Amino acid sequence: MKIKHIVSSIFLALIALKANAQTASQNKADKDYTQYAYIDAIGTYEKVAEKGYKDQTMFQRLGNAYYFNGELIKASKWYDALFEMNAEQEPEYYYRYAQTLKAAGDYAKADKILEAFNKKTTTDKRGILFENNKNYLEQIKANSGRFQIANAGINSKQTDYGSAYFNNKIVFASARDTGGVSRKTFKWTNKAFTNLYWAELKTDGTLGEPERFEKKINSKFNESTPVFTKDGKTMYFTRNNYLKGKRGRDDQKITLLKLYKAEFINDKWINITELPFNSDQYSTAHPALSNDEKKLYFASDMPGSLGQSDLYSVTINNDKSFGKPENLGPAINTEGRETFPFIAADNQLYFASDGRPGLGGLDVFVATIKSDGSFTAVQNVGAPINSKQDDFAFIINSDTSNGFFSSNREGGIGNDDIYKITETRKLLCEQKLKATIVDLENSKVLDNAKVTLLDEQFKVINEVVTQADGSYTFNVECNKKYYVRATKEDYQTKEVPVTIIGEEGDTSVVVALEKRIKPIGVGTDLAKTLNIPIIYFDLDKSFIRKDAAFELEKILAVMKQYPKMRIDVRSHTDSRQTEEYNKTLSNRRAKATVQWLTKNGIASNRLTGKGYGESQLINNCGDGVPCTEAEHQLNRRSEFIIISIE
């Protein structure tokens, strides 16, 4: 008995020890996670999970830890487990889960998860963009195949990304080991901090052997994503919050990212200063310059951001001071991540985003900056630039159509790699929109008609006068909605919508104008001339409905315009009920119509009326023929035939 108790006590102690070890391990992982030491957290959490433990928070953090490091397929495994355990999650987990499913190539399931995401948060732009672009894969396909890509030839087994042009060199960030005495690692990724390197850009497009950039620029923390002024005398770059040996931290003791400026004087980069809109409490990163170098674009999660990181611009004043950063707004930013901006010479803004319909992870998108500072519609640049993984840091020389981008796609050498690109075809898809203006009554073409092309917000784009054949051709963009408005003297103005499909070619639209002045004479049915659809009566009724009174006002106006005009009102019924009943009913309806006109000022001697019952049906809905209520109602009508006009 005593031995049994001893054994039992040891067994219970082992269980308690195991449980305590489990709790201690998870507590360590929780601490690592909240301090952005994601790789350490992953290792701990996975050891716990491999032993069969299931915990919602643990699955969330495992998924997030891989997701935040761009390892989307590994993240998908844990989001799978999370949703299997409990399908009711916060909306953000639906979006992340969908992104990881795309990375795994399961677009059908990703779309279903995105539909659920949109139902949970109906105002989130990411869901709205998906809902409005359910054919996004077809649109991406149409934009694909415009680039040739290849490994840039400067990649290491570590992280390499974020290239920039500087004279005849390419400057980029790398975590490669150069054999130093000590090699600090970044807790977020458990990999070496990145420094700036450069490589010669040769005339044949190849790159020389990478060399470490200026020593004073590189620190013991991360440097990345530089941009240089055209004269080569100023650079802006990203670095962890560290300057002059002093490391800054936010309220949670985390060192975030800041933007810095350096000047090239006497062949050295000196005067390193941080930009005035930085803060210890949020990150600013990934600078880009406008073509006139009067604006700096960058990514940040500063207060006022719409999403996890937004794109901003800030004015660079003549005295080299800076204005107040301005959010680029919902035309560009979403609730997701918008980052890595680049402004090409043709004023196109390229950037990476995971908040828009894409192939998975970060995709590269583009929009043109208009002269007024607004943007054209954002487009996904397509494959092969974009893949199922993260694709970002796109730059291009518009003169040579060559450039670079970064990606962690399969088949690379390191964690992130730099790829060189050649653009073989421009993204802009254009069509010819031919508008032909004709007469509604006889379909004859109308020359000398004014045709106006408007965009979806009804802003005038172009205005022309038709040629002899009644037509004019506009240049329009694919995947856009336009309006064509036609006006001509003696005709009613008409406007028609036109949606341009996502491929090059021609689109034709015919606008039929109706004459304002219409000829009438004896025998004319004013109902047809005035486009009165039908004077309707309810079944078995003869009183004037409100909608019928509206139409009768048109007849009244014409009869007052022509005081000697005499009208014969002819009333008709459908075939239901007996012939005798219908004739009586139609007579009552004709009488009711005449009475309404008389009551409203038309002399009774100018009006006659008769009921024709079911004797003049305008369709085949006779006795015994099955018809819908709408078909029967077509026969319950009145006609207004002019019998004299003198």
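Provided above is the structure to which this section pertains.
(A) Quick peek at the pairing of strand β27 (residues 460-465). Bridge count for strand β26 (residues 450-454) against β27 is five bridges, and the pairing is antiparallel. Residue L454 lies in a different strand from β27, and its bridge partner there is V460. A loop of five residues connects β26 with β27, the two strands running antiparallel in sequence, and F458 in this loop sits at a positive phi of about 65°.

(B) Quick peek at the pattern of salt bridges. Evaluated as defined, the whole model comprises 22 salt bridges. Where E477 meets K480, a salt bridge forms, and the shortest distance between an N and an O atom there is 3.3 Å. On the accessibility criterion, E477 (24% relative accessible area) is partly exposed. Measuring nitrogen to oxygen at the nearest pair gives 3.1 Å for the salt bridge that ties E629 to R576. Here the residue E629 occupies a position in helix α12 (residues 629-635), and R576 occupies one in the loop between β32 (566-572) and α11 (579-599), the gap between them amounting to 53 residues. Where salt bridges share partners, they join E92, R96, D124 and R126 into one cluster.

(C) Spatial organisation of a positive patch on the surface. Taken together, the side chains of K220, R247, R249 and K253 present a region of like positive charge at the surface. Its location among the elements puts R247 in strand β11 (residues 246-247).

(D) Structural context of the packing of aromatic side chains. In this structure the tally under the stated criterion is 35 aromatic pairs. Ring centres 5.0 Å apart and planes at 85° place the aromatic pair W198 and F213 in the edge-to-face group. A residue pair is termed long-range when its members are at least 10 positions apart, and W198 in strand β6 (residues 195-200) and F213 in the loop between β7 (211-212) and β8 (223-228) qualify at 15 residues. The exposure class of W198 is partly exposed, given its relative accessible area of 22%. Here the aromatic rings of F213 and W269 are separated by 6.4 Å at their centres, their planes lie at 35°, and the arrangement is tilted. Residue F213 is found in the loop between β7 and β8, and its partner W269 is found in strand β13 (residues 268-274); the two are separated by 56 residues along the sequence. On the basis of relative accessibility, which here comes to 1%, the residue W269 falls in the buried class. Positioned above the aromatic ring of Y93 is the side chain of R96, whose terminal nitrogen or guanidinium carbon lies 5.2 Å from the ring centre. Positioned above the aromatic ring of Y95 is the side chain of R126, whose terminal nitrogen or guanidinium carbon lies 4.4 Å from the ring centre.

Each value, and the rule that gives it
Residues numbered from 1 in each chain as written. Predicted model: local features only at pLDDT ≥ 70, side-chain atom pairs only at ≥ 80, totals over all residues. Heavy atoms only, no water. Pairing = 2+ DSSP bridges. Helix = DSSP H or I, 4+ residues; strand = E, 2+ residues; numbered from the N terminus. Salt bridge = Lys/Arg side-chain N within 4 Å of Asp/Glu carboxyl O. Buried < 20%, exposed > 50% of the residue type's maximum accessible area, 1.4 Å probe, protein only. Patch = residues over 30% accessible without salt bridge, like charges linked within 9 Å, V, L, I, M, F, W, Y side chains within 5 Å. Areas by Shrake-Rupley, 256 points an atom, 1.4 Å probe, with all protein chains shown as cover. Lys, Arg positive; Asp, Glu negative; His and termini not counted. Charge placed at Lys NZ, Arg CZ, Asp CG, Glu CD. Phe/Tyr/Trp six-rings, centres within 6.5 Å; stacked < 30°, edge-to-face > 60°. Lys NZ or Arg CZ within 6 Å of the ring centre and 35° of its normal.

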